[in-house]
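Fold and contact review
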Amino acid sequence: MKKLLLTAILLLTGMAVQAQNVQLHYDFGRFIYPDEEAGRQKVTVTLEQFKADKWGSWYYFVDFDLSRKFTEGAYTEISREFNIGKKGFAAHVEYDGGLNRFGSFQQAGLLGGAWNGHNADFSTTYSVQLLYKRFFKSYPYTRAYHSAQLTGVWSTTFAEGKCTFAGFIDFWRGEKANGHGQLVVLTEPQLWYNVTPHLSFGSEVEISSNFIYNTYNDKSFFVNPTIGAKWNF
């Protein structure tokens, strides 16, 4: 699931704003790719929170990946932004990492800048982040290395508030097993139908290149849709 910034641009109002939701997604990836993704989780539970203050904002999410017999892993991203002036610019600091039942995910620290914006009524928000990314040696067969990441995040609500289209796209430099660099792309657009201000039903589609660890063949591009529900607190 990764991140949706929960209308993060609300921090530009100068008000103390916070939002929290929990999402439940059923993933169809293992049925679409029964060989390459035979071990992919069936269910992901995501807890997500955003809080703005007079200095900037905090944001985090935690993904819990569940199979029939195990909690496959818990992955988190935690970020802090510090406002710079009144034009939507901010300094961005982030930690990515987590644990799975085999050990851990490779951890990373990120540092850079963000530009946040919105339309007049805040029904559409967006953020662009350019970040230095440092991967750390987190478990055997991994190595520390330098990288960079470009991130775009968006959210737009339409149809008199009944529908929300939101998501993110990340581009970063990854490394192959032989140490050569490669471009990794990950995007997760979501479309929600808002039954009430609290309850939504919809779908997320994870589209990636060079992101999924696949030892079955040379396939590197995957499209993994879900069906989900979301509760906004």
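Residues numbered from 1 in each chain as written. Predicted model: local features only at pLDDT ≥ 70, side-chain atom pairs only at ≥ 80, totals over all residues. Heavy atoms only, no water.

1. Observations concerning the overall build of the protein chain
Basically, it comes down to this: Helix and strand assignments come from DSSP, with helices taken as H or I runs of at least 4 residues and strands as E runs of at least 2, each series counted from the N terminus. The quantity called the radius of gyration is restricted to C-alpha atoms. Its globule counterpart is 2.2 Å times the number of residues to the power 0.38. For each residue, the accessible area found with a 1.4 Å probe, counting protein chains only, is set against the maximum for its type, and the residue is called buried under 20%, exposed over 50%, and partly exposed in between. Pairs of residues are marked as contacts when any of their non-hydrogen atoms sit within 4.5 Å. Each accessible area value is a Shrake-Rupley result obtained with a 1.4 Å probe; residue values ignore everything except the protein chains displayed when judging cover. Note on charges: Lys and Arg go in the positive column, Asp and Glu in the negative column, and His and the chain ends are not counted at all. The atom standing in for a charge is NZ when the residue is Lys, CZ when it is Arg, CG when it is Asp and CD when it is Glu.
Scanning the protein chain from terminus to terminus reveals one helix and 14 strands. Taken against the 2.2 N^0.38 rule, which gives 17 Å for 233 residues, the C-alpha radius of gyration of the protein chain at 18 Å falls within 12% of a compact globule. With respect to the three principal axes, the spread of C-alpha positions in the protein chain is 50 × 40 × 25 Å. For the protein chain, the proportion of its 233 residues judged to be buried stands at 44%. Long-range pairs, those at least 24 residues apart, make up 49% of the contacts in the protein chain with a sequence separation of at least 6. Summed over all atoms, the accessible surface of the protein chain reaches about 12,300 Å², with 65% contributed by carbon and sulfur. With 22 positive and 21 negative side-chain charges, the protein chain shows a spacing of 5 Å between the two charge centroids.

2. Some points on the nonpolar core
Proteins that are soluble and globular tend to have nonpolar side chains buried together. Worth spelling out the cut-off: By nonpolar core we mean a set of buried residues, namely Ala, Val, Leu, Ile, Met, Phe, Trp, Tyr and Cys, connected to one another through side-chain atoms within 4.5 Å.
Ranked by size, the top nonpolar core spans eight residues in total: Ala-108, Phe-135, Tyr-145, Val-153, Phe-168, Trp-172, Val-184 and Leu-186. Of all the secondary structure elements, the ones that give two or more residues to this core are β9 (145-158), β10 (163-175) and β11 (181-187). Phe-50, Ala-52, Tyr-59 and Tyr-75 belong to the second-largest nonpolar core, a separate cluster that totals five residues.

3. Overview of the pairing of strand β14 (residues 221-232)
Formally: Paired strands, as defined in this entry, are two strands with at least two bridges between them according to DSSP.
Along β14, the buried face is formed by Phe-222, Asn-224, Thr-226, Gly-228, Lys-230 and Asn-232; none of Phe-221, Val-223, Pro-225, Ile-227, Ala-229 and Trp-231, which line the opposite face, is buried. For strand β1 (residues 18-27) and β14, the ladder comprises seven bridges, and the chain directions are antiparallel. Counted as the bridge partner of Tyr-26 is Ile-227 from β14. Of the pairings in the sheet, the one linking strand β13 (residues 199-209) to β14 comprises nine bridges and is antiparallel in character. Pairing of Leu-199 across the sheet is with Trp-231, part of β14.

4. With respect to the confidence of the model for the protein chain
What counts is decided by this rule: Confidence scores here are pLDDT values: one per residue, from the predictor, ranging 0 to 100.
Across the protein chain, pLDDT averages 90, with 93% of residues at or above 70. Confidence drops under a pLDDT of 50 for residues 6-16, and excluding neighbours within four residues, the segment shows 33 contacts in the predicted structure.

5. Observations regarding the pairing of strand β3 (residues 56-66)
Direction of pairing for strand β2 (residues 43-52) relative to β3: antiparallel, over a ladder of 10 bridges. Each bridged residue has a counterpart across the sheet, and for Val-43 the counterpart in β3 is Leu-66. Between β2 and β3, which pair antiparallel in sequence order, lie three residues. Pairing analysis gives 11 bridges linking β3 to strand β4 (residues 71-84), with the strands arranged antiparallel. What sits directly across from Asp-65, in β4, is Gly-73. Here β3 folds back onto β4, and the loop between the two strands holds four residues.

6. Overview of the environment of Gly-85
For Gly-85, the location among the structural elements is in the loop between β4 and β5 (89-100). In this structure, the C-alpha to C-alpha distance between Gly-85 and Ala-177, residues 92 residues apart in sequence, is 43 Å.

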